[in-house]
Amino acid sequence: MNILVLNSGSSSIKYNLWEMDEKKLLCKGLIEKIGKDDSSITFSVNNEKKTIKKKILNYIEGIQFILDLITDKENGVLASIKEINAVGHRIVHGGEKITEAKLVTPEIKEIIEENISLAPLHNPHNLEGIKVIEKALPGVPNVAVFDTAFHSTMPPASYVYSLPYEFYEKHKIRRYGFHGTSHKYVSLRAAELLNVKHGEFNCITGHFGNGCSITAIKNGVSVDTTMGFTPLEGLPMGTRAGNIDPSIVLYMIQELGYTPEQVSDIINKKSGFLGVSGISSDMREIREAYKNGDEKAALALKMFVHSSKKFIGAMASELDGRLDAIIFTGGIAENSALTREMFCQGLSVLGAYIDADKNNAMQGEGIISRDDSPVKIMVVPTNEELMIALETQNLAGE
C-alpha cells in the first residue's frame, strides 16, 4: 500500500510517499514560497537530494507538480499516480469535536473550516490541500490527522482555564495542545523499544524544535501538555515567548502604546530564543554563542532549560506515582548531548539518572540513562509523517 502524506502550510507543501508493507520511505520533498517568483522544490529519492527552481502560483499547481514528480521517468518512484492508494493530511486544529484521525467526509471538512478561527495560519491551507487532492486523485481515500487529537484525552482540570466558565462554554477558550502526532509517535516507539504495552506506559515526552512542548502521558494517553489555546503557551521557543504574565500584554498596549497586532508580532515572532539572545531563533547558533561566552545566549539557553525542567517536574506529579521514561525528541534534543545533559541535571529527584558516556555517544534512538536508573531517559527521533501514514493506513487500508 502506497500512502502520500501532505503537510500544506501557509506558503509551502511538504510531502512524503510511504510504502507501508515495509514502512519504507520512497521519496520526500518540500515546495517553498508558493505564489512567489523564487518558489522552488527540494526533493530526495534514494538519498539523492535535488532542487528545482520553478514558479508555483498556488496549491493546485504545487500538488500537481508533486504528483508529476512522483511519476517522473527520471526522478519518480511510481509508474502511475493510480499506485497511490490513500493520502494522509496533517491538520493542525480539530477543536473539541475531533478526538482521533478521520476519513475525510464533507462533515470533516466542515469541522476543519469551523476551526479556522483557532488556527488561521494553518487550517485554511490544510483544507486547501485536501480539496486539491480530491480533484487530482478522485476516488482515493483521504485521511485527516489532527495535531490536537492526541490531547483530547486531557481531563477538564488540565484543559479548562480559570476564566469565567462562560468563556469555555460559549467561545471554547481552553487548552487544546499541539504537536500531538509527534508526542504520540515517540511514546509508541519508546514503549516498543522498552518492550512494554503502550496502554500501560507512563512517560513524559519533550518535543524540542523551533516550536517546543512537553506532554504527560499516562497509560498511553495524554493527560496534560504545555501548549494551550494556541501554540504560544508553555516553553520559550525559537521566536515565541511561552508563558508570560498576561498583564504584560495589557501593559504593552495601554502604557507603551503598542497595537494588539504589534504585540502579537512581538510575542510570536520576535521573542523566545531570538528575543533574549538577540542572535538567532536557531538553538544551534545559540549553543555556539554560549560556548564562546556570549552572556545573552547563555541566558536564553539557561531559561529554556529551567522552564523545561520545571514543566517536567510538574508533569511527573500527574502520573499517579509511576514514571517509566522521559523521552526527548526534536532537533534541539536529538542533536546535542550538551543540551540533554543540561535538561537532566536535577532530574535524579524523579529517579532519572543520565549516563554521560551513553549520552555523548548517542546517535539516533536509544536509552541514555544509567542501567540502574528507575526512570529511563530516552532519545527518540520523531517521525510525524510516518505516524500520519500509519493512521491513514489504519483508516483507509485495503
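This structure is a prediction, so every number in the text was calculated from the model and none was measured. (Residues numbered from 1 in each chain as written. Predicted model: local features only at pLDDT ≥ 70, side-chain atom pairs only at ≥ 80, totals over all residues. Heavy atoms only, no water.)

**Digging into the overall build of the protein**
Item 1. Within the protein, the regular secondary structure consists of 15 helices and 14 strands.
Item 2. Along the three orthogonal principal directions, the C-alpha set of the protein runs to about 55 × 55 × 45 Å.
Item 3. Out of the 398 residues belonging to the protein, those deemed buried represent 49%.
Item 4. When contacts within the protein are restricted to residue pairs at least 6 apart in sequence, long-range pairs at least 24 apart make up 61% of them.
Item 5. Element-wise, carbon and sulfur atoms account for 49% of the exposed surface of the protein, whose accessible area totals about 18,800 Å².
Item 6. One way to put it: in the protein the 42 positive side-chain charges average out to a point 2 Å from where the 50 negative ones average out. (Helix = DSSP H or I, 4+ residues; strand = E, 2+ residues; numbered from the N terminus. Buried < 20%, exposed > 50% of the residue type's maximum accessible area, 1.4 Å probe, protein only. Contact = heavy atoms within 4.5 Å. Areas by Shrake-Rupley, 256 points an atom, 1.4 Å probe, with all protein chains shown as cover. Lys, Arg positive; Asp, Glu negative; His and termini not counted. Charge placed at Lys NZ, Arg CZ, Asp CG, Glu CD.)

**Some remarks on the nonpolar core**
Item 1. Ile-204, Phe-208, Ile-214, Phe-304, Ile-326 and Phe-328 are the most contacted members of the largest nonpolar core, which totals 41 residues.
Item 2. Of all the secondary structure elements, the ones that give two or more residues to this core are β9 (203–208), β10 (212–218), α10 (283–291), α11 (295–316), β12 (325–329), α12 (331–334), α13 (337–344) and β14 (376–379).
Item 3. Take this core: its biggest share by element is nine residues, from α11.
Item 4. Not counting residues within four places of it along the chain, the set of residues in contact with Phe-328 comprises Gly-206, Phe-208, Ile-312, Ala-333, Arg-340, Phe-343, Cys-344, Ile-377, Met-378, Val-379 and Val-380. (Core = buried A, V, L, I, M, F, W, Y, C linked by side-chain atoms within 4.5 Å.)

**Thoughts on the sheet that holds strand β5 (residues 48–53)**
Item 1. Strand order in the open sheet formed by eight strands is β5-β4-β3-β2-β1-β6-β8-β7, with mixed pairing between adjacent strands. Of all strands in the sheet, those with a lone pairing partner are β5 and β7 (102–103), marking the two edges.
Item 2. Bridge analysis of strand β6 (residues 86–91) against strand β8 (residues 142–146) gives five bridges, and the strand direction is parallel. For Arg-90, the partnering residue across the bridge sits in β8 and is Val-145.
Item 3. Running over the sheet, helix α2 (residues 106–114) touches β6, β7 and β8 and is turned about 35 degrees from β8. (Pairing = 2+ DSSP bridges. Axes fitted to C-alpha atoms, helices over the stretch in contact; angles between N-to-C directions.)

**Brief notes about the packing of helix α1 (residues 59–70) against helix α3 (residues 123–136)**
Item 1. Interaxial distance between α1 and α3 falls to 10 Å at its minimum, and their mutual angle equals 55 degrees. When the axes of α1 and α3 are compared, the pair comes out oblique. Between α1 and α3 lies a crossing of right-handed hand. Here Tyr-59, Ile-60, Ile-63, Gln-64 and Leu-67 of α1 lie close against α3, whose contacting residues are His-125, Glu-128, Gly-129, Val-132, Ile-133 and Ala-136.
Item 2. Of the residues that constitute the contact of α1 with α3, the class distribution is seven nonpolar, three polar and one charged. (Parallel < 35°, antiparallel > 145°, perpendicular 65-115°, else oblique. Left-handed = near helix turned anticlockwise from the far one by under 90°. Nonpolar A, V, L, I, M, F, W, Y, C, P; charged D, E, K, R; others polar.)

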